[in-house]
Each structure stands twice: as C-alpha cells, then as structure tokens.
Amino acid sequence: MMILSDILLNIKTELVLGSLAHPVESLIFDSRQANSSSVFFAIKGSATDGHLFVQQAHDKGCRIFVVQNNIPDLTDSTIIKTSDTSALLASMSCNFFENPSKKLKLIGVTGTNGKTTTAHVLAEILRAHGWNTEVIGTLTSARTTPESTDLQRLLNEYENTGVQAVVMEVTSHALELHRVAGTTFEVSVFTNLSQDHLDFHFTMEKYFAAKAKLFTDGYSACGVINRDDVHGRLLLDTMTIDSMSYGFSDVTQVRMDARHIEYECDGVHMHAQLGGQFNVMNSLAAISAARALGISLAEIAEGLSQAAAVPGRFESIDAGQSFDVVVDYAHTPDALERVLDSSRSLMSESGKLIVVFGCGGDRDVQKRQPMGEIAGAKADVVIITSDNPRSESGAEIAAQINAGVRASDSHKVLCTELDRRAAIGKAFSIAQRGDVVVIAGKGHENTQTIGTETFPFNDAQVARELLGAQS
C-alpha cells in the first residue's frame, strides 16, 4: 500500500480539499470498483462523464477524487484538480506501480499496418537472444494498448516475474488518450501510415501527429523508421531523438511464396515462415529494432527462422484444396492493397485473384469507397460481404463499397452476399487451380457484431470448415 503523496511525487496538481496522507490500494475510473482505499478519477469519455459518478463512488466509501470540473464539496474527502484526468491517471499509475517501464527493455511498435506481425517477429528474435520476452497487443489484450492502469499493472507483473523485454503495440488512440503517458521505451518502431481511424482523428495530419508523439524525448530513446513510407521520411527529417531507418533496399535475393520469405541482409541469409512482400518489410522492422538493441545479425537470423505466421495476418489456409486461401486482417485501403498485391505476385498469369471483404459499421466511413476502388482495380472477382456492421445497415455499407468497385472497373465479376459464411463459400465455389482467394477484414477476430448481437465467427475456422466439406 502506498501513500497518496508518494504517488503524486514529481507530479504537479492542485489540492482543492483534504490531505495527501491517505493510504491508497487502487487507482480506478469505474465507480463500481470504489472502496475506502481507492482513488477515483473522473474521466470525460466519448460516451459518458466520470464526474457524474463521483457521488456513487463516494457512497461506496471512496474519499479521494481526481477531477477536471468543479464538484459539490465533499467535506470528508480529498479532492485533486487537474486539466486532464486521463493524463494524470497515467502518470500516477506509473508511480503507483513503481515505474516498471524503466526496469524493462520496452519496445513500442506503431503504424497503421504491420504492428502485430512486427511485434511478434521481434519477440521471437529477442527470445532467441536469450531474453524472457512478452508481447502486448491486438492478440493479447481487449484493447491493443491497455488503459494506463492496466498497462502499468501488467508491466509491473512482468517485471516481478522475471520478464526482461516487452514488445508492445502502441496505437494512435493510446497516444492521444494518454494511456502510455509516463511510459518510456528503449526503442520505438514506425511501420507506415495510411488512412484509418479518421472517425476519431478527423484528419490525416492529426492522425500522424498522434503517432509522432511516440518518437519524442520522454517517450523513446531511439526511433526505428520505415524510410520507404512518406510519413516515415517526415519523421526522420523532424525527430530529435536517435534514429535508424530501414527500407526494401536493405535486402537482396528476395524469394517468397504464400507461406515463406527469404532474403539476404548485410550478407546474412534470413528466412521466416511468413508469406507476402509486406512481411519482408515487417520482418525488416523487427530486424532493425533488434539491431538497435545491440543484437547480432546471426542471432537475429536464428530468431527470425522461428517466426511463424500470426493468426489472421496473411494466414495461409491449407485443407488440401487446389487453390490458395489467405486470411488477413486488412481493413484499411492501404492494407487491402498490400495484401492483394502480395497475393497477385504469388500467382501464375492464368490465375484469378478473388477477394471477399466488407467494412465495419460505426467506424471510418471515408475508407469504404476507396477500399472498393482498390478491390476493383486489384482483384478479378470481388465479393462484398458484412464485417461487423454493428448499428449500421450492412446493405448500405455494401452499397458504398460497391460504388467504389464500379468506379474502378465495371467489368469486374462483382456480387454482394451479406452472409459472410455464404460469401466465403461462394468464393470457394468460383476458385480453380492456380487461383488465390483473399478473405480480408477480420483476421484473428472470433466474433461478428450485427446490430446489438455478437455471434461467434472466425474467418480461418469457417474457411477450413467449408473447404473440408468440399473435399
């Protein structure tokens, strides 16, 4: 148990009422978790305002409150005022859990696409180097980057159990909402930037500015940047921390298929059980981060050889069928273009490229038509289906995608099948030897949300079931 004054060490706040001598066992922002030894943070969220729940937390025994707005005087309580309760929660969480990021080798990975694969490949390299390594990200947490209290608690648990290195996906939301404030990274990686999350950031400039925060003093000691990306070059030109870059020109003798990549890097042979050209770049990001940490190319090559496909990331489905099937999380225009280009490069000239995809509801509307245009330009057969329509009409989302496909090329084979399982089955019924079927958008996800209901659904599992039924 810590004393409130210790948790506030080196943090500027305004003490409105009460004393800082209270013992504290927990930092919370959910009033239902409140008790006499907790600090309640009244956080203003997109859906509700924590200030509305101060009295509820007080009724459950809480006597320490962190607020942005004035609240009715609770004369038996300690009230701390700040301009941003989320930011203060993050800073206090670091102190409360004794700043675990300073005791670990913490590596951050950010970018629109490639974060998950890069993080998992880098973790394999670090393990081959002998470091006990964990990953925090899309496949391990409810949120890609956990809330600040959950993050610091997890890092503290890792440090206490002998973990030496942690590779963490860092989202633009996490940076903008202060989830990683006070966290320090030994190395941070920038993979790329393309259109996504504009429902939250509104403009690409603001989206980039959020990502760029990670590459500043106070967050990261060193940045590893993709120089082939225009935003990566902008970072390299403007960042003030130490940096190194990577790009496709770093490799020679590249060979790949749907399940493997191999190439030479500074005279060392590299290979991994990952398919597609974009995974050459993801693996290069991991290699460059490892080199920034002082790991030799020989050890890097050993770790890379242990790296296998990440679920839902250019995941090859083999059930004995005569055509290739790839499941990928691609849910942005850039990611869809990359996975279709990579799939096309692996095909014979006579093969057809078939894509099944949709766009999520209640999310970035602006990317629907561009994704349709890319599908129309890159694939031979486009099957539009549902992808977590949530509260929106699946048919209306499909119509917006459809407009993009038709704007790109009206001669494509095009159909809409909102039942995602039936859409995947339709693609398989069309596919022949030498073709590639790409099932895009949901990747590793195990559910589909339609309206207010959530149903079990995993693209890879459904694909295997349908292919098994055909054999």
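Just above sits the structure.
Summarised in this report is the structure supplied together with it.

Conventions we followed
Residues numbered from 1 in each chain as written. Predicted model: local features only at pLDDT ≥ 70, side-chain atom pairs only at ≥ 80, totals over all residues. Heavy atoms only, no water. Buried < 20%, exposed > 50% of the residue type's maximum accessible area, 1.4 Å probe, protein only. Helix = DSSP H or I, 4+ residues; strand = E, 2+ residues; numbered from the N terminus. Arc of directions from axis to C-beta. Contact = heavy atoms within 4.5 Å. Polar contact = N/O pair within 3.5 Å; in protein donor to acceptor, adjacent residues only side chain to side chain. Salt bridge = Lys/Arg side-chain N within 4 Å of Asp/Glu carboxyl O. Phe/Tyr/Trp six-rings, centres within 6.5 Å; stacked < 30°, edge-to-face > 60°. Axes fitted to C-alpha atoms, helices over the stretch in contact; angles between N-to-C directions. Parallel < 35°, antiparallel > 145°, perpendicular 65-115°, else oblique. Nonpolar A, V, L, I, M, F, W, Y, C, P; charged D, E, K, R; others polar. Core = buried A, V, L, I, M, F, W, Y, C linked by side-chain atoms within 4.5 Å. Disulfide = S-S within 2.5 Å. Pairing = 2+ DSSP bridges.

All right, on to helix α15 (residues 420-430) then. Here α15 has its buried residues at R420, A423, I424, A427 and F428. Along the axis of α15, the buried positions cluster into a sector of 140°, meaning they face one direction only. Where α15 is buried, its residues touch β18 (324-328), β19 (353-357), β20 (381-384), β22 (436-440), β23 (447-450) and α16 (459-470). Among the residues of α15, the N-terminal cap falls to D419, whose side-chain oxygen and the backbone nitrogen of R421 are separated by 3.1 Å.

A word on the side chain of H58. Within the secondary structure layout, H58 lies in helix α2 (residues 54-59). Using a relative accessible area of 13% as the deciding quantity, one classes H58 as buried. Excluding its chain neighbours within four sequence positions, the residues that come into contact with H58 are R63, F65, L74, D76 and S77.

Before going further, it helps to examine the pattern of salt bridges. Considering all chains together, one arrives at 21 salt bridges under this definition. For D266, the salt bridge identified is with R291, shortest N-O distance 2.9 Å. Separated by 25 residues along the polypeptide, D266 in the loop between β15 (261-265) and β16 (268-272) and R291 in helix α10 (residues 277-292) bring together distant segments of the chain. On the basis of relative accessibility, which here comes to 33%, the residue R291 falls in the partly exposed class. The salt bridge involving R464 is made with E315; its shortest N-O contact spans 3.3 Å. Of this pair, R464 sits in helix α16 while E315 sits in strand β17 (residues 315-316); the two residues are 149 residues apart in sequence, bridging distant segments of the chain. Looking at R464, the relative accessible area reads 40%, which means it is partly exposed. Of the residues examined, E315 reaches a relative accessible area of 15% and is grouped as buried. Via salt bridges that share partners, E337, D341 and K378 belong to a single interconnected network.

Here the focus is the environment of R233. Note that R233 resides in helix α9 (residues 230-238). A residue is classified by how much of its surface remains accessible, and R233, at 40% relative accessible area, is partly exposed. Distance from R233 to S245, taken between C-alpha atoms, is 9.0 Å for residues twelve residues apart in sequence. Each residue touching R233, except ones within four places of it in the same chain, is listed here: N226, R227 and D228.

Under the criterion given, the structure shown has five aromatic pairs. Geometrically, the ring pair formed by F40 and F65 is edge-to-face, given 6.3 Å between the ring centres and 70° between the ring planes. Remark: F65 occurs in strand β6 (residues 64-67) and F40 occurs in strand β5 (residues 38-41); sequence separation between them is 25 residues. Classification of F65 by relative accessible area gives buried; the value is 0%.

For the rest of this paragraph, the subject is the packing of helix α12 (residues 333-345) against helix α13 (residues 368-378). Where α12 meets α13, the axes come as close as 9 Å, and the angle between the chain directions of the two elements is 10°. Here α13 runs roughly parallel to α12, going by the angle between their axes. From α12, P333, L336, E337, L340, D341 and R344 reach across to α13, where they touch P370, M371, I374, A375 and K378. A per-class count over the contact of α12 with α13 returns seven nonpolar, no polar and four charged.

Turning our eyes to something else, we now look at the nonpolar core. Among the nonpolar cores identified, the biggest contains 39 residues, and L126, Y263 and M270 are the most heavily contacted of them. Take this core: its biggest share by element is eight residues, from α10. Non-local contacts of L126, meaning those with residues more than four positions away in its chain, are made with I107, W131, T133, A165, V167, L293 and I295.

Looking at the element boundaries, S141 is found in the loop between β9 (133-136) and α5 (148-160). Distance in space between the C-alpha atoms of S141 and T85 is 23 Å, their sequence separation being 56 residues. With residues near it in sequence (within four places) discarded, S141 still touches I136 and P146.

Quick look at the state of the cysteines now. Under the counting rule described, the total for this entry stands at zero disulfides. Free cysteine C415: the closest other cysteine sulfur is in C359, separated by 16 Å. C415 sits in the partly exposed class, given a relative accessible area of 22%.

Here the phi dihedral of N99 falls at roughly 50°; this positive angle occurs in a residue that is not glycine. Tracing the chain through its elements places N99 in the loop between α3 (85-96) and β8 (105-110). In this model, H178 sits at a positive phi of 70°, which is unusual for a non-glycine residue. Along the polypeptide, H178 turns up in the loop between α6 (172-176) and β11 (187-190). Using a relative accessible area of 22% as the deciding quantity, one classes H178 as partly exposed.

With that settled, the discussion passes to the sheet that holds β22. Pairing in this open sheet of six strands is mixed, and the strands run β17-β18-β22-β19-β20-β21 from one edge to the other. At either margin of the open sheet sits one strand with a lone partner, and together these are β17 and β21 (413-416). Of the strand pairs in this sheet, β19 and β20 are connected by four bridges, and their pairing is parallel. Across the sheet, the residue bridging to I354 is V381, located in β20. Across the sheet, α16 touches β17, β18 and β22, and the angle it forms with β18 is around 160°.

These figures come from the coordinates and say nothing about function on their own.
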